[in-house]
Structures are given as structure tokens and as C-alpha cells.
Number of protein chains: 2
Amino acid sequence: MTIPRAAKTLRRTRIQEEKEERILEAALDVFSAAGFRGSTIDQIAEAAGMSKPNLLYYFRTKEAIHRALIDRVLFTWLEPLRAFDAEGNPEAEIRSYIRRKLEMARDFPRESRLFANEILQGAPHIEDELKGPLKELVDEKAEVIRAWVRTGKIAKCDPYHLIFSIWATTQHYADFDVQVRAVLGQNHAGEGRFEDAARFLEQLFMNGLRPRQADTAA
Amino acid sequence: MTIPRAAKTLRRTRIQEEKEERILEAALDVFSAAGFRGSTIDQIAEAAGMSKPNLLYYFRTKEAIHRALIDRVLFTWLEPLRAFDAEGNPEAEIRSYIRRKLEMARDFPRESRLFANEILQGAPHIEDELKGPLKELVDEKAEVIRAWVRTGKIAKCDPYHLIFSIWATTQHYADFDVQVRAVLGQNHAGEGRFEDAARFLEQLFMNGLRPRQADTAA
DNA sequence: GTAATGTTTTACCAATCGGTCAAATTATCG
DNA sequence: CGATAATTTGACCGATTGGTAAAACATTAC
């Protein structure tokens, strides 16, 4: 008598690990390109090179695949923000945060789109993660930035909106890639747009946040 | 013998105008919240308060609804960029462009999400609009910005990435609204976040783009 | 080897999808 | 009014959806 679902077994077999890996990889492709509702189990199964019932042997529902994928990707995704260091030089920290986020937009666009799709459609599956871990992390880093403002190391500004603007500008190059390509046209076809973007954004934020007379006075 | 489709009649009746209006309004609700593939005709029909066959009497396919909606919204959506004036004062023009875009994110979030969904998923229905009218408009305005840079009125920077960064930062407040709310939490619950964002972004871009010694020299 | 367990496939299901059809109903016009 | 055209409805269709059942097949442990 066989126990029907892989989840029931405590010890995971080699095959289980391999197949789950393949499924999550395929699911990232599909979910990031079409969102949760727009994706089908069949698409994921085909991308993973297995039959639908076979896939459902490893993940019982579409939601289970999605949840496993989110859980797996979220931690890595927040890595750059976590690396934001209170002790470091403000200018260098912000600059390297921008660079890291931009590198992630370039190297992991599917992950970016996965979250973008999810949030855009009201975050029905990750509301808790946003209000919990994410908020706490941002609150913590906002406090760091606020301290920098207090000590006059950067211009007076709202730390939350500073973080939002870095998220928005960097992730834009992953999430809205087709638009960026369409507007830039053939002449900027290569990956050069990421270097141009890095140059622009670093300049914008560095000059934009440099402390000015009025700040230290107040 | 009645001609089966509303589209066949040359003269549009009062009822046609009213119903098409209601359908497009409902479609904006549904498409902006779930994307094209994630939306169903039934959802739109229910939101419009009519039966599915009745809706299909006015628009023959789901794509036709979507197309009509895009056509209708796109022009208005580009209005702020079109208003960008070469003759005006650079600082004032950029500042008011940011303000206008932010107002649109606040007042027309559904329109913003409609396009965001579309572009995120590869822009399958608006590729032509991106590569055509949008690109041309951006090219034109980029030239204006480039002229400002040449005459030393603003800092040396890539005009395309400047435009992208304004799009990204302002639309962020519409497209990623749930995340912004989740992170800001209850204490910033009201609409105050838009004013805070406006203050932050104006400061960022004004200071970030102010011409510096090195620019005028080069 | 063989028995137990783990994996895959085939066939299937009910619900939902986009869309059609013809008949019934309502508005418009002379 | 009556006739004609415009609108609405309910019943329906084939395809696709998420998911299941059970048997066939493969692997592992002893």
C-alpha cells in the first residue's frame, strides 16, 4: 500500500529533490511571465518536462507550487536590503544598494516580475509577508537612514520614500523591460542599458541626497 | 431581419453609447486588477451589471474589449509627457511633470495598473503602441532634455533614463500600492503618502539634476 | 529475489472558460 | 397603431481549467 503524496514521506528521496527543483524552476518561468491566475498547471508541467498528474504528485495544488516558490525566492530577494549597513559610509551604502538592486534586475528579472505580478494584483498570496517580515526590515533600515539624516550625513528626506524610489527605479528595468527596450530601440539593444541606468541612478541619488546648507541648519 | 452585431450599425444609438461606456468602465476595474489572461468575460459582465451574451453583443470578443479600453486610455495616459514643454523653465517643467504623474497615480491607479499588467506580461497587445507612438513621443522629449543638458540648464545625464526614473518612481505609488501601504503601515494610512512622495521626489530630482561645475566645464 | 515503497501514466471528472444561436423582448419611427 | 430594427435572454457548445483514481511501473531495502 503506497502513501499517495510525496509530502507524507519524512525523508526526501533524491528524485523528489530533483523533480521539485525542476518544477520550481519551471514555475518561476511561467508565474513570472503570466501571474498566478494567468498561469496554468499544464504550462508549468510542460516547462518542467513532465505530465500534469506527475507534477501534482509533488505539489498537490497550483497554490502549493506558488507558495513554495515565493518562500524560496523571497529571502534571496531581500538580501540587498539586508546588507544595508548602519556602520558603513552612507554614500557608499546607498550607492552599492542601488548597484546591487540593478544587478538583480539584470540577473534575476523573473524573480522581480514574480513579485511585481503578485503585488500588482493585490498581493493575495503574500500579504502577510509584506506586512510582517518586509515591513520590519524596511522599518529597521529606515531608522538607519533617519540617523544619517539627523547627523547631517545625507540630505533631509523621508527614508521610506527613499527606499521606495530605489526599488521603483531599479526594478523598473526588470519589470518593464519590454517597454524600456521598445523606447530605447535598436541602438541601445545590448545590455548597455544597465550600465547607463547605473550611471544615471548613482548620479541622481548621490547628488539628490548630498546634504545641503539648509539641512544641517535645521 | 436584424443585423446581429452593434458594430454593423453606422449610427450609434444612445443605448449603445451608454452600455459601451459601462462595459469599458467595468473592464477597467477587472483588467487592471487581474491582467488580461486573469480576467474573465463573466467578471466584466457582472461588474457592468449585464449578462455575458449581452456584453458580447457590444464587444464580440474579450480582446475587442481590451483593445477598445487601451485605445481609450492610452492617449490620456500620455498627456503629462506631451505637456512637457521645450520652451519652459527646465526645473519647473520637470517638477510639474513629476507632480502631474504623481497625481495620476493617485487619481487613476487603475489606468496605471492596466498598463503595468500589460507590460509586465510582455505587452502582447500593445507592442505596436510602445514601439510607435510612445517611442516617438519619448524620443522627442529626450531631445528637449538633451538640449537643456547641452546649454547647462540641468546636470549632464541620460534623458531616457531620466524619463524612466520619473515613470518608475511615480507609477510605483499606483502599481505597488498594496506594498507601499503595507510598509508604511497604519500610521501613514491616509492619502498623506502622496504628499510625502511628492516632497521627496521633487527634492530628489531637483537636487539630483541641478547643474554642477563639472557639467558646464564639459 | 521479493516485498514494500516511491513514481509515473492513462483515463477521467466537474467547473469554468470564451463564445454562439435563436427566440423573446424592447425601443424607435412613420 | 404597426412594422422594423435594436437589445436582451436562456440554453447551449467545445475547449481548457484544476484536480482525482487507480493501475502500471520503477526503485529501494532487506
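The shown structure was predicted, so the numbers you read here are calculated from the model rather than taken from an experiment.

Chemist: What's the story with the packing of aromatic side chains in this structure? I'm lost.
Modeler: Two aromatic rings, taken as a pair, are described by how far apart their centres are and by the angle between their planes. Applying the stated criterion across every chain yields a total of 16 aromatic pairs over all chains. Residues F31 of chain B and F36 of chain B carry aromatic rings whose centres are separated by 5.7 Å and whose planes lie at 15° to one another, so their mutual orientation is stacked. Judged by its relative accessible area of 1%, F31 of chain B is buried. Classification of F36 of chain B as buried rests on a relative accessible area of 13%. Ring pairs connect the aromatic residues F164 and W167 of chain A together with Y173 and F194 of chain B, which therefore count as one cluster. Cation over ring: K62 of chain A sits above F36 of chain A, and NZ or CZ is 4.7 Å from the ring centre. One residue, R82 of chain A, lies across the ring of F75 of chain A, its end atom 4.0 Å from the ring centre.

Chemist: Looking at this model, I keep getting lost on helix α6 (residues 90-107) of chain B. Mind explaining?
Modeler: Residues and elements named next belong to chain B. Here α6 contains 18 residues, and its C-alpha end-to-end distance of 25 Å stays within 8% of the 26 Å for a straight helix at 1.5 Å per residue. If you check which residues of α6 are buried, you get P90, E93, I94, S96, Y97, I98, K101, L102, M104 and A105. Along its buried surface, α6 packs onto α4 (62-77), α5 (79-83), α7 (109-120), α8 (127-150), α9 (159-175) and α11 (192-209). Capping the start of α6, N89 holds a side-chain oxygen 2.8 Å from the backbone nitrogen of E91, two or three residues further along.

Chemist: How should the nonpolar core be read in this particular structure?
Modeler: General note: in soluble globular proteins, nonpolar side chains tend to be found buried as a group. Ranked by internal contacts, the top residues of the largest apolar core, which has 138 residues, are F205 of chain A together with F205 of chain B. For F205 of chain A, the residues in contact, after removing those within four places along its chain, are I98, L162, S165, I166 and T169 of chain A together with L204 of chain B.

Chemist: Explanation requested: unusual backbone geometry in the structure shown.
Modeler: Residues apart from glycine generally show negative phi values, whereas peptide bonds are mostly found in trans. Residue and element names in this part refer to chain A. The phi dihedral of A123 is positive, around 50°, even though this residue is not glycine. Mapped onto the fold, A123 is located in the loop between α7 (109-120) and α8 (127-150). Judged by relative accessible area, which is 0%, A123 ranks as buried.

Chemist: Could you clarify how one ought to interpret α7 of chain B in this entry?
Modeler: Residues and elements named next belong to chain B. Taking 1.5 Å per residue, 12 residues should reach 16 Å; α7 reaches 16 Å between its end C-alpha atoms and fits that length. The buried fraction of α7 amounts to 10 of the 12 residues, a majority that puts the element mostly inside the structure. A positive phi of about 90° marks G122, the residue just after α7.

Chemist: Can you help me understand the interface of chain B and chain A in this one?
Modeler: Put simply, an interface is often sized by how much accessible area is lost when its parts join up. Counting residues at the interface gives 56 residues for chain B and 56 residues for chain A. Each partner contributes to the roughly 5000 Å² buried at the junction of chain B and chain A, and carbon and sulfur atoms together form 66% of this total. Its largest share of buried area at the contact with chain A, chain B owes to L120, H161 and V183 of chain B, together 15% of the area lost on that side. For the pair chain B and chain A, the number of links is 12 residue pairs in polar contact (both at pLDDT 80 or more).

Chemist: Would you mind going over the relation of the copies chain B and chain A with me for this structure?
Modeler: Rotating chain B by 180° and moving it 0.0 Å along the rotation axis overlays it on chain A with an RMSD of 0.0 Å. Those values place the two copies in the arrangement expected of a two-fold rotation axis. Residue G208 of chain B of chain B places its C-alpha closer to the rotation axis than any other residue of that unit, at 1.9 Å. An overlap of 100% is found between the interface residues of chain B and their copies at the interface of chain A, pointing to a shared contact surface.

Chemist: Looking at this structure, I do not really get the side chain of E111 of chain A. What am I missing?
Modeler: As for its position among the elements, E111 of chain A is in helix α7. Those residues in contact with E111 of chain A, other than ones at most four positions away along the chain, are L28, V73 and W77 of chain A.

What counts, and at which threshold
Residues numbered from 1 in each chain as written. Chains lettered and ligands numbered in written order. Predicted model: local features only at pLDDT ≥ 70, side-chain atom pairs only at ≥ 80, totals over all residues. Heavy atoms only, no water. Phe/Tyr/Trp six-rings, centres within 6.5 Å; stacked < 30°, edge-to-face > 60°. Buried < 20%, exposed > 50% of the residue type's maximum accessible area, 1.4 Å probe, protein only. Lys NZ or Arg CZ within 6 Å of the ring centre and 35° of its normal. Helix = DSSP H or I, 4+ residues; strand = E, 2+ residues; numbered from the N terminus. Expected span 1.5 Å × (residues − 1). Contact = heavy atoms within 4.5 Å. Polar contact = N/O pair within 3.5 Å; in protein donor to acceptor, adjacent residues only side chain to side chain. Core = buried A, V, L, I, M, F, W, Y, C linked by side-chain atoms within 4.5 Å. Buried area = accessible area lost by both parts, 1.4 Å probe. Least-squares fit on C-alpha atoms with pLDDT ≥ 70 in both.

Purely spatial values, then, with no claim about function.
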